[in-house]
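# Geometric and topological summary
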Number of protein chains: 2
Amino acid sequence: MITLHPESDTPLYEQLYAALADDIRRGRLAPGRPLPGRRTMATRLGVSTSTVDTAYQMLAAEGLAVARPRSGFFVQETGGMLHSRPDRPAAPAAEKCTEENKNVIKYNLSTGSIDTDLFPARSWGRIQKDLMYHRPELLERGEMQGDANLRARIASYLSEYRGVDCTPDQVIVGAGIEYLLGCLAHLFAGSLAAIENPGYGRTRAVLENSGIPCVPVDIDRSGLPADGLEASGANLCYITPSHHFPTGVTMPAPRRAQLLTWAAARPGRYLLEDDYDSEFRFDTRPLPSLQGMAGPDGPVVYLTTFSKSLAPGMRIACMVLPQSLLERYRRDFAVYANTVSRFEQQTLCTFMAEGYFTRHIARMRLAYKRRMEHFAAALRAALGPDLVLGGVHSGLHFLLTLPGAGGEEAMVEAAAAQGVQLRGLRDYYMAHADRCPPDTVVAGYAGLKAADIEGAAQALGCAWNS
Amino acid sequence: MITLHPESDTPLYEQLYAALADDIRRGRLAPGRPLPGRRTMATRLGVSTSTVDTAYQMLAAEGLAVARPRSGFFVQETGGMLHSRPDRPAAPAAEKCTEENKNVIKYNLSTGSIDTDLFPARSWGRIQKDLMYHRPELLERGEMQGDANLRARIASYLSEYRGVDCTPDQVIVGAGIEYLLGCLAHLFAGSLAAIENPGYGRTRAVLENSGIPCVPVDIDRSGLPADGLEASGANLCYITPSHHFPTGVTMPAPRRAQLLTWAAARPGRYLLEDDYDSEFRFDTRPLPSLQGMAGPDGPVVYLTTFSKSLAPGMRIACMVLPQSLLERYRRDFAVYANTVSRFEQQTLCTFMAEGYFTRHIARMRLAYKRRMEHFAAALRAALGPDLVLGGVHSGLHFLLTLPGAGGEEAMVEAAAAQGVQLRGLRDYYMAHADRCPPDTVVAGYAGLKAADIEGAAQALGCAWNS
């Protein structure tokens, strides 16, 4: 029986979340069992349905519950990590294991790929052509922050889908997150940045190239911890709260609140929120952005990229600066030209304005979800009941652990010998690599064609079933 | 009531756009009010829906209207983004000194413009469309330095036309010279840079933003002098030897040799040669690049941009690194993605490979030369025999001196009152502004349409003939 305390300082949705989370963790709510419908629960507790929604989404974000379309929320089968079902048959391993073509890459499971077949080349190409023939003024230099109408579109999209709280004035379009991080490095000259460990080596390289030293802070099951951050001495903190790269951890609301408290404690502290692939959450809508929690004047810089939602070959990313940084940015970068071609800016703007963008995202999300499920099933069939897949519900890669496989280095080598390119989780550790879970690799499936899924899984079966 | 003129040379969509823009600016269409649906408007005016679409999108791009999903277009709510834009030029013959429309810009003589009519939109658009439909692999991430085939094309073009001595390996493509200067700033961390005085304020801003302090060195009639450079204590030297910006001085060979001697005298000294508009030399072929004199291992970084040869709205520039810097660049920037869209890289590559680029340059050079001669003649007619024009044989701007005109500040103000936007030479001085020649302004003519040349000259006559 759940009792909420309306007079408490803790918001109702957080109380409800905490009570349900506790029930799930203690097994009082059995794995697989449906949670009460939102209206039922709201009536029962005398709260609004949005309170229930928020609590359920937090549970889903934590991996304690899963949303099923048109069926509601269910208690997670195994509490966050998706284990393989023991009733699955083990691999028919001997079938196609071959010594031929050793080390020729047949299956690329790196995390930077996308499925180019999903790109709406016809619509994009048609818009682009129209602009080229009818909008010669796009040949002229545009606004420094990016074209105003594109910034307005982006602000409205981020507000609706990511809860970002900003005006178009705060949006800055740039040719990739690396470029934007370089601009930030100037604004934050003299800072020390905490970065997630494990995490993006790229961010560290860019910040350090730009004069911002970085200190890795070990993440826990909720992401980067506030006490570790405080101890690091950093005044900047780069995080991927929607979907930690590469482990897939989603930062729950209480941890987000702690980080915001850290940032608010001293002037000059900022969170850099990289929301690089939040479009691809399969079980539920992702938690709204940290930036939205902090508000337009809060100490958060929000960054995102169109590399995954459109294509890595097009260089379009954007950031949302808080008001506190905007004036200085405008003064120091006044003479800079924007780095994104105006034709691509305006193609994207029309693509968003005419509704193609949201449809494209929805179609991709469905396609990638099916691919993830197909690949996960094929891997379970090939690798047997010991396989553990982590972080499957979000993003375009997951962690693959095969206990007893002989260590990740051997796994990566054996995979390569069977034509499968992937990286070990240890590669993403910038410190304390000894704390890396053993026998774990990072498998991206976005670039894997449907026809290659079974082949890739079988090749890994050949590689790792000894 | 909008009336369109199908017999006019002005496209229907532009006529419609101009009429609506005027209505919005004059408040005849109230903020927030919906524009008629595209079909309604098309039927009412007897034009196609795509004409209406284009006009509406132009309004949106200008910030005069906003599109709302599934609701159509609305007049922009706030006046904040409204700005006037000269839609139609005044008839040149009718130009007389007037007090009406004071300070409305009719003639933009700033140096960043180009004539968009000269852009080969058909060929470019056709190549781009083919790539979009037939080269899906361009959606994937490309090489860090830029696509290899484009770099090969650029190396060969620069070798043939600019005497640059390099392999494609040394070429780095990037989204604008500012971006490339930012990369160089990292390679040259701890340096002091000498820059030309007068010169590009932009270069100074970018280098100083990126941690490289700059010291202005006064140029003389041959450009930046080696003794001034030696005295500055700098180890880097940024120069525009083909066509000094903004005075138009071309650095003669002996001075180039002196600067190379300076650079060779100590390790860590480098010349940054910005060859930003050498395509537009009208009297003779430009001197080969300094980089070519120094050779592929010499102490010169060569920079150039496609902003002038193609369009400022496309962000493509490149640099050629000497071998001595290449290894470090590759190591430090290994994880960076290139900043130029691969579709634009490959469109440019095909454009160059099929001979369009050199033909386009030749056509533009001729068109701009005629424009320069036409404008110079119109100015002499309007301003009389005291007028002195400097730096006319190269680049897309010249210096205009009118002794006794009352100082450049008064000249710029009076010009603005007659609808002509230009800047005084003093604006480009970063030190010793007292040494600036008097009564001198910088006039760019690349953005001036043929039909506007007489009008612009007459407006300056009205402004400065007292």
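About the cut-offs
- Residues numbered from 1 in each chain as written.
- Chains lettered and ligands numbered in written order.
- Predicted model: local features only at pLDDT ≥ 70, side-chain atom pairs only at ≥ 80, totals over all residues.
- Heavy atoms only, no water.
- Helix = DSSP H or I, 4+ residues; strand = E, 2+ residues; numbered from the N terminus.
- Rg over C-alpha atoms; globule rule 2.2 N^0.38 Å.
- Buried < 20%, exposed > 50% of the residue type's maximum accessible area, 1.4 Å probe, protein only.
- Contact = heavy atoms within 4.5 Å.
- Areas by Shrake-Rupley, 256 points an atom, 1.4 Å probe, with all protein chains shown as cover.
- Lys, Arg positive; Asp, Glu negative; His and termini not counted.
- Charge placed at Lys NZ, Arg CZ, Asp CG, Glu CD.
- Pairing = 2+ DSSP bridges.
- Axes fitted to C-alpha atoms, helices over the stretch in contact; angles between N-to-C directions.
- Expected span 1.5 Å × (residues − 1).
- Arc of directions from axis to C-beta.
- Buried area = accessible area lost by both parts, 1.4 Å probe.
- Salt bridge = Lys/Arg side-chain N within 4 Å of Asp/Glu carboxyl O.
- Polar contact = N/O pair within 3.5 Å; in protein donor to acceptor, adjacent residues only side chain to side chain.
- Core = buried A, V, L, I, M, F, W, Y, C linked by side-chain atoms within 4.5 Å.
- Domains from an automatic or database assignment.
- Phe/Tyr/Trp six-rings, centres within 6.5 Å; stacked < 30°, edge-to-face > 60°.
- Lys NZ or Arg CZ within 6 Å of the ring centre and 35° of its normal.
- pLDDT = per-residue confidence, 0-100.
- Parallel < 35°, antiparallel > 145°, perpendicular 65-115°, else oblique.
- Left-handed = near helix turned anticlockwise from the far one by under 90°.
- Nonpolar A, V, L, I, M, F, W, Y, C, P; charged D, E, K, R; others polar.

Before going further, it helps to examine the overall build of chain A. Scanning chain A for helices and strands turns up 15 helices and 16 strands. Rg of the C-alpha trace for chain A: 23 Å, near the compact-globule value of 23 Å for 466 residues, within the 12% margin. For chain A, the C-alpha atoms occupy an extent of roughly 65 × 65 × 45 Å along the three principal directions. In chain A, which comprises 466 residues, the share counted as buried stands at 58%. Sequence separation of 24 or more characterises 74% of the internal contacts of chain A that already satisfy a separation of 6 or more. About 17900 Å² of surface is accessible on chain A, with carbon and sulfur atoms providing 51% of the total. Averaging the locations of the 48 positively and 50 negatively charged side chains of chain A gives two centres separated by 5 Å.

Take the sheet that holds strand β10 (residues 317-320) of chain B next. Residue and element names in this part refer to chain B. Within the open sheet, the 7 strands sit side by side as β4-β10-β9-β8-β7-β5-β6. Their pairing is mixed. A strand with exactly one partner marks an edge of an open sheet, and here the two such strands are β4 (171-174) and β6 (214-218). Pairs of neighbouring strands in the sheet enclose a mean axial angle of 25°, with direction left out of account. Sheet analysis places strand β9 (residues 300-305) next to β10, joined by 4 bridges and oriented antiparallel. When the sheet's bridge partners are listed, T305 is paired in β10 with A317. The sheet contacts of helix α7 (residues 201-209) involve β5 (193-197), β6, β7 (236-239) and β8 (270-274), and relative to β6 the element is tilted by about 155°.

Residues and elements named next belong to chain B. Side chains A65 and A67 of strand β1 (residues 65-68) all project onto a buried face; the interleaved residues V66 and R68 project onto a face where none is buried. Sheet topology note: the β1/strand β2 (residues 72-75) ladder contains 4 bridges and is antiparallel. When the bridges of β2 are listed, V66 appears paired with F74.

Moving on to helix α9 (residues 253-264) of chain B. Residue and element names in this part refer to chain B. For α9, spanning 12 residues, the distance from its first C-alpha to its last is 16 Å, which sits close to the expected 16 Å at 1.5 Å a residue. Of all the residues in α9, the buried ones are R255, R256, L259, L260, W262 and A263. Considered in projection along α9, the buried side chains sweep an arc of 155° and stay on one side of the axis. Residues of α9 that are exposed and angled more than 90 degrees away from the buried face: P254, T261 and A264. The elements touched by buried residues of α9 are α8 (226-232), β7, β8, α10 (290-294) and β9.

What follows concerns the interface of chain B and chain A. How big an interface is tends to be stated in terms of accessible area lost as the parts join. Facing the 54 residues of chain B at the interface are 52 residues of chain A. Here chain B meets chain A over a buried area of about 4500 Å², counting both sides, of which 58% is carbon and sulfur. In this assembly, chain B and chain A are joined by 0 salt bridges. One can count 16 residue pairs in polar contact (both at pLDDT 80 or more) joining chain B with chain A. At the level of elements, α3 (49-61), β1, α4 (121-134), α6 (177-187), α7 and α12 (342-353) of chain B are the ones that each hand at least two residues to the side of chain B that touches chain A.

Enumeration over the complete set of coordinates arrives at 44 salt bridges over all chains. A salt bridge links K449(A) to D117(A), with the shortest nitrogen-to-oxygen separation between them at 3.3 Å. Within this pair, whereas K449(A) is found in the loop between β16 (440-444) and α15 (453-464), its partner D117(A) is found in the loop between β4 (107-108) and α4 (121-134), the two being separated by 332 residues in sequence. Of the residues examined, K449(A) reaches a relative accessible area of 31% and is grouped as partly exposed. With its nearest N and O atoms 3.2 Å apart, the salt bridge here joins D115(B) to K449(B). Placement of the pair is D115(B) in the loop between β3 (107-108) and α4 and K449(B) in the loop between β15 (440-444) and α15 (453-464), with a sequence separation of 334 residues. For D115(B), a relative accessible area of 6% translates into the label buried. Taken together, the shared-partner salt bridges in this structure form one network comprising D115(A), D117(A), R371(A) and K449(A).

What follows deals with the nonpolar core. Counting 144 residues, the largest nonpolar core has W464(A) and W464(B) as its most contacted members. Per-element accounting of this core gives the leading share, 12 residues, to helix α13 (residues 356-383) of chain B. Residues C183(A), L272(A), L399(B) and Y428(B) belong to the second largest nonpolar core, which totals 81 residues.

So, on to the domain arrangement of chain A. Each domain of chain A was delimited in the assignment, giving domain 1 (12-75), domain 2 (99-114 + 359-465) and domain 3 (124-354). Look at where the C-alpha atoms of domain 1 of chain A and domain 2 of chain A centre, and you get two points 31 Å apart.

The next thing to look at is the packing of aromatic side chains. All names here are of chain A. The final tally for this structure, using the stated rule, is 37 aromatic pairs over all chains. Centre to centre, the rings of F398 and Y445 are 5.6 Å apart; their planes meet at 35°, and the pair counts as tilted. Taken together, the residues F398 in strand β13 (residues 397-401) and Y445 in the loop between β16 and α15 connect sequence positions 47 residues apart. Linked through ring pairs, F119, W124, Y157, Y161, F306, F351, Y356 and F357 together constitute an aromatic cluster. Above the plane of the ring of Y356 lies R359, whose end atom (NZ or CZ) is 5.2 Å from the centre. In this arrangement the basic side chain of R423 is found over the ring face of Y428, its NZ or CZ atom lying 4.5 Å from the centre.

With that out of the way, let us pick up helix α5 (residues 148-162) of chain A. All names here are of chain A. If you check α5, its first and last C-alpha atoms are 20 Å apart, about what 15 residues at 1.5 Å a residue would give, namely 21 Å. Residues of α5 that are buried: A148, N149, L150, R151, R153, I154, A155, Y157, L158 and R162. Backbone geometry just after α5 places G163 at a positive phi near 65°.

All names here are of chain A. The share of residues in chain A with pLDDT of 70 or more is 93%, and the mean pLDDT across the chain is 89. Note on residues 79-95: pLDDT is under 50 here. Beyond four places in sequence and across chains, it has 37 contacts. In the predicted assembly, ipTM is 0.79 and pTM is 0.79.

With that out of the way, let us pick up the packing of helix α6 (residues 177-187) of chain A against helix α7 (residues 201-209) of chain A. Residue and element names in this part refer to chain A. Relative to each other, α6 and α7 sit at 40°, their axes nearing to 9 Å. In this view, α6 runs oblique relative to α7, as classed from their interaxial angle. Crossing of α6 over α7 shows right-handed handedness. Each of I177, E178, L181 and G182 in α6 lies in contact with α7, whose residues at this interface are R202, T203, V206 and L207. Its residues placed into classes, the contact of α6 with α7 shows 4 nonpolar, 2 polar and 2 charged.

Residue and element names in this part refer to chain B. Tracing the backbone shows Y428 in the loop between β14 (423-424) and β15. Distance from Y428 to F245, taken between C-alpha atoms, is 8.8 Å for residues 183 residues apart in sequence. In this view, Y428 contacts T111, N197, P198, G199, F245, P246, R423 and V442; residues no more than four positions away in its chain are not counted.

Glancing now at unusual backbone geometry. Residue F245(A) is joined to P246(A) through a cis peptide bond whose omega torsion reads 0°. Here P246(A) is to be found in the loop between β8 (236-239) and α9 (253-264). In this structure, P198(B) follows N197(B) across a cis peptide bond, with omega equal to -5°. Its location among the elements puts P198(B) in the loop between β5 and α7. At H432(B), a residue that is not glycine, the phi angle is positive and equals roughly 50°. When you line up the elements, H432(B) lands in the loop between β14 and β15. We classify H432(B) as partly exposed; its relative accessible area is 36%. Unlike most non-glycine residues, D439(B) shows phi in positive territory, near 55°. By the element assignment, D439(B) lies in the loop between β14 and β15.

The next point concerns the sheet that holds strand β12 (residues 397-401) of chain B. Residues and elements named next belong to chain B. Here 4 strands make up an open sheet; going across it, the order is β11-β12-β15-β14 and the pairing antiparallel. Two strands in the sheet have a free side with no partner beyond their single neighbour: β11 (388-390) and β14. Bridge count between β11 and β12: 3 bridges; the pairing is antiparallel. Across the sheet, the residue bridging to L389 is L400, located in β12. Lying over the sheet, α13 contacts β11 and β12, oriented at roughly 10° with respect to β12.

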